[in-house]
Amino acid sequence: MRGIKMIFWTLWRVWFYVLIAIPILVMLPFLLLSILSERGYPYFFKMARIWAKVILFGMGFYYKVETIQGLEPNKSYMIVANHTSMTDIMLMLAVVDSPFVFVGKKELASIPLFGFFYKRTCILVDRNNAQSRRAVFESAQNRLNRGLSVCIFPEGGVPYDESIILDTFKDGAFRLAIEHQIPIVPISFGDNKKRLSYTFFSGSPGVMRVKIHTHIETQGKTLDDRRAIKQETFQIIYDQLVSFER
């Protein structure tokens, strides 16, 4: 029985990467056109949402979203969520319909085909390089100045220990939000670790619960308030993750 499960998991994981490629190949001419200039990004974002939903549906994932406070059109936000799975990217694109840009680790740029568009549309960071981390702020500021939102997973990566409910938050997202006086949107992903964790022989089709929380305002706040706002955001997401497990 164990051998059958391992075969299923192997084929299922391979299928995940096949699904990443199929929509990109189908939409390739339009994707290439959309990245020729910054003005094309909203069109790229719409196609990225289609790509994400195809993958989620094809893997047998269906999402249930509870929205306490939605995002207003043509307004910039700092979107933050817990990070446990590669599907976090797809699920974020599926549930947030206002254009935003990911800040993500540069290692994902090495994935064939996906990486080509990833490195041209996202803000890449080498977390072991201080110069790269500083460059992220400049790139993010440029995107925010253009009226886009930014999405950061503030844990700074996926915890190696999968028993960790929520890892310590880094400062970057909260510093940017305060400097630009934009609201922070905390989002809790309840099931992504169960559906497709970074442990190869694990996961299964099923529900992905999402809760989009009340926004945390930064108007009038200064960098001295950064730690308090970071802790408030952490606690909101953490409490919801614990609630999901009950």
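Everything discussed here concerns the structure shown above.
Before going into details, it helps to say that this report is about the structure given with it. Just so we're clear, the structure is a prediction, and the values are computed from it rather than from any experiment.

Calculation notes
Residues numbered from 1 in each chain as written. Predicted model: local features only at pLDDT ≥ 70, side-chain atom pairs only at ≥ 80, totals over all residues. Heavy atoms only, no water. Helix = DSSP H or I, 4+ residues; strand = E, 2+ residues; numbered from the N terminus. Buried < 20%, exposed > 50% of the residue type's maximum accessible area, 1.4 Å probe, protein only. Contact = heavy atoms within 4.5 Å. Patch = residues over 30% accessible without salt bridge, like charges linked within 9 Å, V, L, I, M, F, W, Y side chains within 5 Å. Areas by Shrake-Rupley, 256 points an atom, 1.4 Å probe, with all protein chains shown as cover. Salt bridge = Lys/Arg side-chain N within 4 Å of Asp/Glu carboxyl O. Axes fitted to C-alpha atoms, helices over the stretch in contact; angles between N-to-C directions. Parallel < 35°, antiparallel > 145°, perpendicular 65-115°, else oblique. Left-handed = near helix turned anticlockwise from the far one by under 90°. Nonpolar A, V, L, I, M, F, W, Y, C, P; charged D, E, K, R; others polar.

**Overview of the environment of W15**
Among the secondary structure elements, W15 is positioned in helix α1 (residues 2–34). The class of W15 is partly exposed, set by a relative accessible area of 36%. With 43 residues separating them in the primary sequence, W15 and G58 have C-alpha atoms 8.7 Å apart. In this structure, W15 is in contact with I22, G58 and M59, ignoring residues within four places of it in sequence.

**Brief notes about the environment of L28**
Positionally, L28 belongs in helix α1. Since its relative accessible area comes to 27%, L28 is described here as partly exposed. Expressed as a C-alpha distance, the spacing of L28 and L113, which sit 85 residues apart in the sequence, is 9.9 Å.

**A look at a nonpolar patch on the surface**
A grouping of V14, W15, V18, I22 and V26 is seen on the molecular surface, where their side chains present a nonpolar patch of about 430 Å² in accessible area. Of note, V18 is situated in helix α1. The exposure class of V18 is partly exposed, given its relative accessible area of 34%.

**Looking at the packing of helix α2 (residues 41–58) against helix α3 (residues 87–95)**
Direction vectors running N to C along α2 and α3 enclose 120°, while the axes themselves pass 8 Å from each other. Classified by the angle their axes make, α2 and α3 are oblique. Here α2 and α3 pass one another in a crossing that is left-handed. Residues F45, A48, R49, W51, A52, K53, I55 and L56 of α2 pack against I89, M90, L91, L93, A94 and V95 of α3. Partitioning the contact of α2 with α3 into residue classes produces twelve nonpolar, no polar and two charged.

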